[in-house]
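Here is what each chain is made of, one letter per residue.
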Amino acid sequence: MIFEIDNVELYFKSKKILNGIYLKAETGKVTGILGRNGCGKSSLLDIAFGNLKPKYKLVRIDKKPILKPLYLAKNVMYLPQYDFVPRNLKIGKLFKLFKIDWINFSDKYKNFSAYKNHKFGKLSGGERRFIETYLVLKCDKDLVFLDEPFNGISPILIDDVKALINEVKNKKIIILTDHKYKDVIEITDELYLLNNDSTFLIKNLNQLEDYGYVTQV
Ligand SMILES: Nc1ncnc2c1ncn2[C@@H]1O[C@H](COP(=O)(O)OP(=O)(O)OP(=O)(O)O)[C@@H](O)[C@H]1O
């Protein structure tokens, strides 16, 4: 499957946020989006998923224009920037709702094994992020958007998320953005930089310096 988004024009009041966007992602590949704070990465993912309505956008799957919001599609999953799980939901119930095996999870990630009857809101920010990312990646979906999956999680868990992405990526299109750019670079097959309202496909990491995204790669 091939996902494409282009022709996006987004304004908030008269402020232009996105213009000149093109992004292509395909099954079996992880596509990364880097960019400075406020450049429009979350807005772009929201637009792709259908949460945010821009002035223009064109979404295509396998070259066919998709006119309905992707959140209505059964095969698409989105990890938004902030928690989406209700805080009073118990972890065991959450896994059941997602139809994801708790035993596999708690055997693999022993630090979480005592949490089955805990409410989601009682976990730390990083623990919540890890569980949400795990569920989103483990779901049987073909197209997955991840907005800052590494945010607030410690290095070992970042490695676990990267391993999980590698484990599931063959069957999925994964599009992710995060400020942990070295981890993003390591995990992605295709990389875009969002800069001055537009996307740039990064062919050579030195371009990240040239565009002023980092001082040194
Ligand atoms: N609902 C809104 N109303 C007005 N302006 C908004 C709204 N949402 C976002 N913006 C503005 O649009 C711009 C892009 O925001 P967005 O959250 O997409 O950036 P981002 O690249 O994801 O940033 P960060 O990396 O800091 O999360 C920012 O300048 C932000 O202030």
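This is a predicted model, so every value here is computed, not measured.

Novice: Please explain the pattern of salt bridges as it appears in this structure.
Specialist: Note on pairing: side chains with opposite charge can pair once their charged atoms come close. Considering all chains together, one arrives at 13 salt bridges under this definition. Linking lysine 29 and glutamate 26 is a salt bridge whose minimum nitrogen-to-oxygen distance equals 3.9 Å. Using a relative accessible area of 27% as the deciding quantity, one classes glutamate 26 as partly exposed. The structure contains a network of salt bridges with shared partners spanning Asp159, Lys162, Asp183 and Glu186.

Novice: Before we go on, may I ask you to explain the packing of aromatic side chains in this structure?
Specialist: Any aromatic ring pair is given by two values, namely how distant the centres are and how the planes are angled relative to each other. Under the defined criterion, the tally for this structure stands at 20 aromatic pairs. A ring pair is formed by phenylalanine 49 and tyrosine 78, whose centres lie 4.9 Å apart and whose planes are at 50 degrees; its orientation type is tilted. Placement of the pair is phenylalanine 49 in helix H1 (residues 41–49) and tyrosine 78 in strand E7 (residues 76–79), with a sequence separation of 29 residues. Accessibility expressed as a relative area gives 13% for phenylalanine 49, which makes it buried. Where tyrosine 109 meets phenylalanine 130, the ring centres are 4.9 Å apart and the plane angle is 75 degrees; that geometry is what we call edge-to-face. Placement of the pair is tyrosine 109 in the loop between helix H3 (102–108) and helix H4 (125–138) and phenylalanine 130 in helix H4, with a sequence separation of 21 residues. In this pair, the class of tyrosine 109 matches that of phenylalanine 130, namely buried. Three or more aromatic residues joined by ring pairs make a cluster, and in this case those are Phe95, Trp102, Phe105, Tyr109, Phe112, Tyr115, Phe130 and Tyr134.

Novice: Would you mind going over unusual backbone geometry with me for this structure?
Specialist: Most peptide bonds take the trans form, and the phi angle of most residues other than glycine is negative. Backbone geometry at lysine 99 places phi at a positive 55 degrees, although glycine is not the residue there. With respect to the helices and strands, the residue lysine 99 is situated in the loop between helix H2 (91–97) and H3. Backbone geometry places asparagine 196, a non-glycine residue, at a positive phi of 50 degrees. Tracing the chain through its elements places asparagine 196 in the loop between strand E10 (190–195) and strand E11 (198–201).

Novice: Would you take a moment to explain the nonpolar core for this structure?
Specialist: Nonpolar side chains in soluble globular proteins generally cluster together in the buried interior. By size, the foremost hydrophobic cluster in this structure holds 46 residues, and its most contacted members are Phe95, Phe105, Ile131, Leu146, Ile165 and Ile174. Aside from chain neighbours lying at most four places away, what touches isoleucine 131 is Ile91, Leu94, Phe95, Phe105, Phe112, Phe120 and Leu123. Counting 28 residues, the second largest nonpolar core, distinct from the first, contains Leu10, Leu44, Leu70 and Tyr78.

Novice: When you look at the sheet that holds strand E8 (residues 143–147) in this model, what are you seeing that I'm missing?
Specialist: Strands belonging to one sheet form pairs held by backbone hydrogen bonds; the direction of such a pair is parallel or antiparallel. With respect to topology, 6 strands assemble into an open sheet ordered E7-E8-E9-E4-E10-E11, the strand pairing being mixed. Edge positions in the sheet fall to E7 and E11, since each has one partner strand and no second. With strand direction ignored, the average angle separating the axes of adjacent strands in the sheet is 20 degrees. Note that E10 and E11 share 4 bridges and pair antiparallel. Its bridge partner lying in E11, tyrosine 192 is registered against leucine 201. On the sheet, H4 packs against E7, E8 and strand E9 (173–177) and is oriented at approximately 170 degrees with respect to E7.

The rules behind these values
- Residues numbered from 1 in each chain as written.
- Predicted model: local features only at pLDDT ≥ 70, side-chain atom pairs only at ≥ 80, totals over all residues.
- Heavy atoms only, no water.
- Salt bridge = Lys/Arg side-chain N within 4 Å of Asp/Glu carboxyl O.
- Buried < 20%, exposed > 50% of the residue type's maximum accessible area, 1.4 Å probe, protein only.
- Phe/Tyr/Trp six-rings, centres within 6.5 Å; stacked < 30°, edge-to-face > 60°.
- Helix = DSSP H or I, 4+ residues; strand = E, 2+ residues; numbered from the N terminus.
- Core = buried A, V, L, I, M, F, W, Y, C linked by side-chain atoms within 4.5 Å.
- Contact = heavy atoms within 4.5 Å.
- Pairing = 2+ DSSP bridges.
- Axes fitted to C-alpha atoms, helices over the stretch in contact; angles between N-to-C directions.

Function cannot be inferred from these measures alone, as they are strictly geometric.
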